[in-house]
Amino acid sequence: MLKMLCPYYCAGAIIGKGGETIKELMDKTDCDVKISKNDERFPTTSERVISVQGDQSAVEECILFSQDKIRKDEPPPNAKRESHAINAKRKEACKLVVSDTSAGRIIGKGGQRIKDLKNDYSVIINITRKDELPRGFEERCVSVEGEDGNVDNCVKEIIKLVCEDDSASMEWHVFYNDWNDRRGGDDRGFGGRDGGRDAGRDNYGGGGGG
């Protein structure tokens, strides 16, 4: 399983009208894909969480599909001018969410693996530190920033590393608002096979047409 962050206003492009796009993606890849509720954001960010579960190649396809939607989507018309500048910068990064053990695997012994990834793909990689997240929270954000093609190739390599990490463990259901010191809600979000792939259809909220 792998997760990634998605700006709240891009979620609608991934979900599609009536949930059609995300349903087609799940059917095509045989992956389980879930997007957190509109008000359910990853700790210390304003971004929603996309969870993907399936075979490595299928997970890769879902992640790259979602990243392409993020690159092509635009902030809502009423967004402030500075939001457009932030959005343009955001498009340069793919933000994966991995377990603590996978983060260590990406960093490598003495930081050698992350150094090699940066050099091999000419990208900037930042991994959130434990002290930047709530105590006891066991997920880390891995931001890969650079030219689109380089980012995609580096992300593929990271996905491979994560999928090969037998010790990695992440929860499918996470009440992120609990970690943000806000009241949690129904965590089904949009998609996911609990109760069928249409479970939570009325729960994904607004956000970019969602």
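A quick note: this is a predicted structure, and the numbers were derived from the prediction, not measured.

### Notes on the pattern of salt bridges
Reasoning step 1: Within this structure, the stated rule accounts for 15 salt bridges.
Reasoning step 2: Two residues, Lys3 and Glu139, come together in a salt bridge whose shortest N-O distance is 2.7 Å. Within this pair, whereas Lys3 is found in strand β1 (residues 2-7), its partner Glu139 is found in strand β6 (residues 139-145), the two being separated by 136 residues in sequence.
Reasoning step 3: Looking at Lys3, the relative accessible area reads 0%, which means it is buried.

### Side note on the packing of helix α2 (residues 20-29) against helix α3 (residues 56-72)
Reasoning step 1: Across the interface, α2 lies against α3 with an axial gap of 10 Å and an inter-helix angle of 155°. Here α3 runs roughly antiparallel to α2, going by the angle between their axes. Classified by chirality, the crossing of α3 by α2 is right-handed. From α2, Thr21, Leu25, Lys28 and Thr29 reach across to α3, where they touch Ala58, Glu61, Cys62 and Phe65.
Reasoning step 2: Tallied by class, the residues present in the contact of α2 with α3 amount to four nonpolar, two polar and two charged.

### Digging into the confidence of the model for the chain
Reasoning step 1: Predicted confidence across the chain gives a mean pLDDT of 85, with 84% of residues reaching 70 or more.
Reasoning step 2: Scored below 50 in pLDDT, residues 182-190 makes 38 contacts in the model with residues more than four places away or belonging to other chains.
Reasoning step 3: Predicted confidence for residues 193-210 stays below pLDDT 50, and this span has 51 contacts to residues more than four positions away or in other chains.

### Overview of the pairing of strand β3 (residues 47-53)
Reasoning step 1: The buried fraction of β3 is high, at six of seven residues.
Reasoning step 2: Bridge count for β1 against β3 is six bridges, and the pairing is antiparallel. Opposite Leu5, over in β3, you have Val49 as the bridge partner.
Reasoning step 3: Taken together, the four bridges between strand β2 (residues 32-35) and β3 define a ladder with antiparallel strand orientation. When the bridges of β3 are listed, Asp32 appears paired with Gln53.

### Focus: the side chain of Arg48
Reasoning step 1: Mapped onto the elements of the fold, Arg48 is located in strand β3.
Reasoning step 2: Buried charge without a partner: Arg48 forms no salt bridge, and the closest opposite charge is Asp39, 7.6 Å away.
Reasoning step 3: Among the polar contacts listed, one links the side chain of Arg48 to the backbone oxygen of Lys37, at a separation of 3.4 Å.
Reasoning step 4: Here Asn38 takes part through its side chain, which lies 3.4 Å from a polar atom of the side chain of Arg48.

### Considerations on the packing of aromatic side chains
Reasoning step 1: What the rule picks out here adds up to five aromatic pairs.
Reasoning step 2: For the pair Phe42 and Phe137, a centre-to-centre distance of 5.4 Å together with 70° between the ring planes defines the contact as edge-to-face. Separated by 95 residues along the polypeptide, Phe42 in the loop between β2 and β3 and Phe137 in the loop between β5 (124-127) and β6 bring together distant segments of the chain. For the pair shown, Phe42 and Phe137 are each scored as buried.
Reasoning step 3: Through a chain of ring-to-ring contacts, the aromatic side chains of Phe42, Phe137, Tyr176 and Trp179 assemble into a single cluster.

Cut-offs and rules
Residues numbered from 1 in each chain as written. Predicted model: local features only at pLDDT ≥ 70, side-chain atom pairs only at ≥ 80, totals over all residues. Heavy atoms only, no water. Salt bridge = Lys/Arg side-chain N within 4 Å of Asp/Glu carboxyl O. Helix = DSSP H or I, 4+ residues; strand = E, 2+ residues; numbered from the N terminus. Buried < 20%, exposed > 50% of the residue type's maximum accessible area, 1.4 Å probe, protein only. Axes fitted to C-alpha atoms, helices over the stretch in contact; angles between N-to-C directions. Parallel < 35°, antiparallel > 145°, perpendicular 65-115°, else oblique. Left-handed = near helix turned anticlockwise from the far one by under 90°. Contact = heavy atoms within 4.5 Å. Nonpolar A, V, L, I, M, F, W, Y, C, P; charged D, E, K, R; others polar. pLDDT = per-residue confidence, 0-100. Pairing = 2+ DSSP bridges. Lys, Arg positive; Asp, Glu negative; His and termini not counted. Polar contact = N/O pair within 3.5 Å; in protein donor to acceptor, adjacent residues only side chain to side chain. Phe/Tyr/Trp six-rings, centres within 6.5 Å; stacked < 30°, edge-to-face > 60°.

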